[in-house]
Amino acid sequence: MEKVILEKKDAVDWVYRGEGAANLVLAYIGSSPTFIGKVMRIQKSQRKGKSGVNGNGTLTTHERLLWRENKELTASPNDETVEQLYVKHVMSPLLGSKHVDAGMRVIVTKEFLESVEKNVTCYRPVGRIDSSQVNANHDSVLVISDHSIFPNGTLKGGPCITVEIKPKCGFLPISRFITEENAVKRTITRFRMHQALKLHNQEISEYSEYNPLDLFSRSRDGICKAIKALYATPQNNFRVFLNGSLVFGGLGGGTDSTTVLVGEAFEDAVKNVIHADSGLRTTSFIQLVAETIYTSGVLDQLLEVQKLDTYDIEGAIHAYYNIISQPCMVCRELSKDKSSHRYTSLHSIPLDESLKIVKDYLIAATVKDCSLMISFRPKEDGDLLSGSSHNTVYLGSTNQVFEYKVYFIDLDLKPLKKMEDYYELDKKIVSCYSQMVKTEHEADKAV
């Protein structure tokens with residue numbers, strides 16, 4: 001694969017699948033055996049005057065210090081290779097290699113990337129087009145397996161259904177560095193509070209009832225409750241693919257509550273996979289997803305990696321300023337606060353300790369923002385006794401056995417500079433949520 005060079009004429013074989021803040025995802029529809037069953041991740045760049053997309057370039061001096069234990073990572077000549085090596089050498093050992101796909105780099109021409117940009121524009125959400133574009137200055141892209149299908153799955157003729165979930169942060173922080181005025185963070189999930197800010201900014205039109213603590217609860221009932229809530233209000237946190245094609249949820253910008261019509265369309269879409277009467281298939285599908293998450297225990301390891309964030313951003317930001325050897329802007333901001341003395345100790349710790357705090361925080365940030373893909377393929381009666389390299393799960397409501405596979409995707413390396421953004425966003429989220437609660441409380445008193 002490494003000798004292949006994708007040129008302008010090849011762009012027509014790659015179609016829009018979706019996108020996140022930093023990357024476009026394209027699926028292959030051509031006939032080359034090299035790329036059948038693959039998807040491509042293309043890095044984006046921000047449009048002039050916009051922010052939010054990762055900057056391009058190699059690791060900074062401070063980032064090389066941060067990741068110095070990973071020699072291949074720090075020696076990487078460009079950020080494209082850095083991303084792949086980060087997944088391979090940092091995320092894969094932490095989450096388990098069977099659930100992580102580092103992919104391969106493929107050489108592309110500038111004309112290929114420019115052609116892709118033109119081809120996909122009409123499929124991209126307007127908000128994404130306004131803020132970012134394909135970065136045509138790169139000379140390679142990342143190609144990974146399409147985890148919305150089974151290898152050679154379509155050749156066997158059997159249907160494959162895949163759910164993509166953004167689990168978000170699955171625990172409440174207990175760091176002693178959280179200020180009293182932000183104590184709400186210890187009792188209300190980050191996801192719930194962030195919903196208030198998104199609603200305020202008109203990024204969403206209604207609250208999601210999803211609670212990440214339910215999904216990570218290790219309880220069948222809790223997990224099922226979480227999946228139901230994600231189905232009811234998918235936003236950009238829940239999507240379903242049938243044989244690699246999106247059948248539920250939004251492409252790149254998410255979608256709001258699930259209407260009756262959307263629900264009926266989904267019922268019809270899964271009729272050849274979930275063997276239940278019309279009106280019961282969605283419930284069975286939700287049970288299938290919940291049972292798989294419960295029995296596989298796949299979120300347990302994800303939660304452990306998320307919990308590498310032991311200091312919260314309110315503590316880790318001070319270690320960040322230690323690393324970049326600049327006066328701590330947060331301490332300056334809090335200087336009039338009587339509780340500011342609690343952070344003094346963080347500015348007298350050894351550099352190695354500061355590096356570990358920030359590195360662990362950024363690793364945790366990656367897995368708080370990643371996606372989980374679970375693909376299912378029903379086993380027919382004749383297949384039940386045959387061996388399989390995949391795990392299986394039993395769906396009692398339809399008396400079906402499914403093979404399944406689980407992968408974590410979107411395991412992007414977070415730039416060190418984002419520590420400042422994380423701190424500012426945290427302040428905005430808590431402030432907006434607290435204001436909303438106060439307003440609701442005053443409204444209740446007025447009634």
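Our structure is the block above this text.
Definitions and limits used
Residues numbered from 1 in each chain as written. Predicted model: local features only at pLDDT ≥ 70, side-chain atom pairs only at ≥ 80, totals over all residues. Heavy atoms only, no water. Helix = DSSP H or I, 4+ residues; strand = E, 2+ residues; numbered from the N terminus. Rg over C-alpha atoms; globule rule 2.2 N^0.38 Å. Buried < 20%, exposed > 50% of the residue type's maximum accessible area, 1.4 Å probe, protein only. Contact = heavy atoms within 4.5 Å. Lys, Arg positive; Asp, Glu negative; His and termini not counted. Charge placed at Lys NZ, Arg CZ, Asp CG, Glu CD. Axes fitted to C-alpha atoms, helices over the stretch in contact; angles between N-to-C directions. Nonpolar A, V, L, I, M, F, W, Y, C, P; charged D, E, K, R; others polar. Phe/Tyr/Trp six-rings, centres within 6.5 Å; stacked < 30°, edge-to-face > 60°. Pairing = 2+ DSSP bridges. Core = buried A, V, L, I, M, F, W, Y, C linked by side-chain atoms within 4.5 Å. Arc of directions from axis to C-beta. Polar contact = N/O pair within 3.5 Å; in protein donor to acceptor, adjacent residues only side chain to side chain.

**Student:** Before we go on, may I ask you to explain the overall build of the protein in this structure?
**Tutor:** Within the protein, the regular secondary structure consists of 16 helices and 13 strands. The C-alpha radius of gyration of the protein comes to 23 Å, within 12% of the 22 Å expected for a compact globule of 447 residues. In terms of overall dimensions, the protein has C-alpha extents of about 70 × 60 × 40 Å along its principal axes. Residues classed as buried in the protein amount to 51% of the 447 residues present. Restricting the contact set of the protein to residue pairs at least 6 apart, pairs at least 24 apart contribute 70%. Of the charged side chains in the protein, 54 are positive and 56 negative, and the gap between their average positions amounts to 3 Å.

**Student:** Looking at this structure, how should I read the packing of helix H12 (residues 298–306) against helix H15 (residues 351–368)?
**Tutor:** Two quantities define a packed helix pair, namely the angle between the axes and the distance from one axis to the other. Orientation of H12 relative to H15, taken along the N-to-C sense of each, is 145°, at an axis distance of 8 Å. Residues Leu302, Val305 and Gln306 of H12 lie in contact with H15, whose contacting residues are Ile363, Ala364, Val367 and Lys368. Here the residues of the contact of H12 with H15 are counted per class, giving 5 nonpolar, 1 polar and 1 charged.

**Student:** What am I meant to see in the packing of aromatic side chains here?
**Tutor:** Each pair of aromatic rings is reported with the distance of its centres and the angle of its planes. Taken as a whole, this structure holds 15 aromatic pairs when the rule is applied. Judged by centre distance (6.3 Å) and plane angle (85°), the ring pair of Phe376 and Phe402 falls under edge-to-face. Of this pair, Phe376 sits in strand S11 (residues 371–379) while Phe402 sits in strand S13 (residues 400–409), and the two are 26 residues apart along the sequence. The exposure classification of Phe376 matches that of Phe402, with both residues buried.

**Student:** Sorry if this is basic, but what is going on with the pairing of S13 here?
**Tutor:** A regular strand carries its side chains on alternate faces of the sheet. S13 sits mainly inside the fold: 8 of its 10 residues count as buried. Two elements, S11 and S13, share 9 bridges in a ladder whose sense is antiparallel. Looking at the pairing, Leu372 lines up with Phe408 of S13. Count of turn residues in the strand S12 (residues 391–395)/S13 antiparallel hairpin: 4 residues, of which Asn399 carries a positive phi of about 55°.

**Student:** What should I look at first to understand the nonpolar core in this one?
**Tutor:** Among the nonpolar cores identified, the biggest contains 88 residues, and Leu215, Ile227, Phe238, Phe376 and Met419 are the most heavily contacted of them. Ranked by residue count, the leading element in this core is H15, at 8 residues. Filtering out sequence-adjacent residues up to four positions away, Phe238 remains in contact with Val163, Glu164, Ile165, Ile227, Leu230, Tyr231, Phe248, Gly249 and Phe285. By size, the runner-up hydrophobic cluster in this structure holds 20 residues, among which are Leu26, Val106, Val108 and Phe112.

**Student:** Help me out: how do you make sense of the pairing of strand S3 (residues 23–28) in this one?
**Tutor:** Within S3, 6 of the 6 residues are buried, which leaves the element mostly enclosed by the surrounding structure. Both faces of S3 are covered, namely the face carrying Asn23, Val25 and Ala27 and the face carrying Leu24, Leu26 and Tyr28. Bridging between strand S2 (residues 14–19) and S3 involves 5 bridges; their strand directions are antiparallel. Residue pairing across strands places Val15 opposite Ala27, the latter belonging to S3. Counting the residues in the hairpin turn of S2 and S3 gives 3 residues. Sheet topology places S3 next to strand S4 (residues 38–46); 5 bridges connect them, and they run antiparallel. Residue pairing for S4: Ala27 is matched across the bridge by Val39.

**Student:** Mind showing me how you'd approach helix H10 (residues 260–269) here?
**Tutor:** The α-helix winds at 3.6 residues per turn, so residues separated by three or four positions along the chain end up facing the same way. Along H10, the residues that are buried comprise Gly263, Phe266 and Glu267. An end-on view of H10 places all buried positions within 105° of arc, on one side of the element.

**Student:** How do you make sense of the side chain of Arg41 when you look at a structure like this?
**Tutor:** Counting through the fold element by element, Arg41 comes out in strand S4. Engagement of the side chain of Arg41 in a polar contact is seen with the side chain of Asp410, the distance being 2.8 Å. A distance of 2.4 Å separates the side chain of Arg41 from the side chain of Asp412, its partner in a polar contact. Every residue in contact with Arg41, bar those within four places of it in the chain, is listed here: Asn23, Leu24, Val25, Val141, Leu142, Ile144, Asp410 and Asp412.

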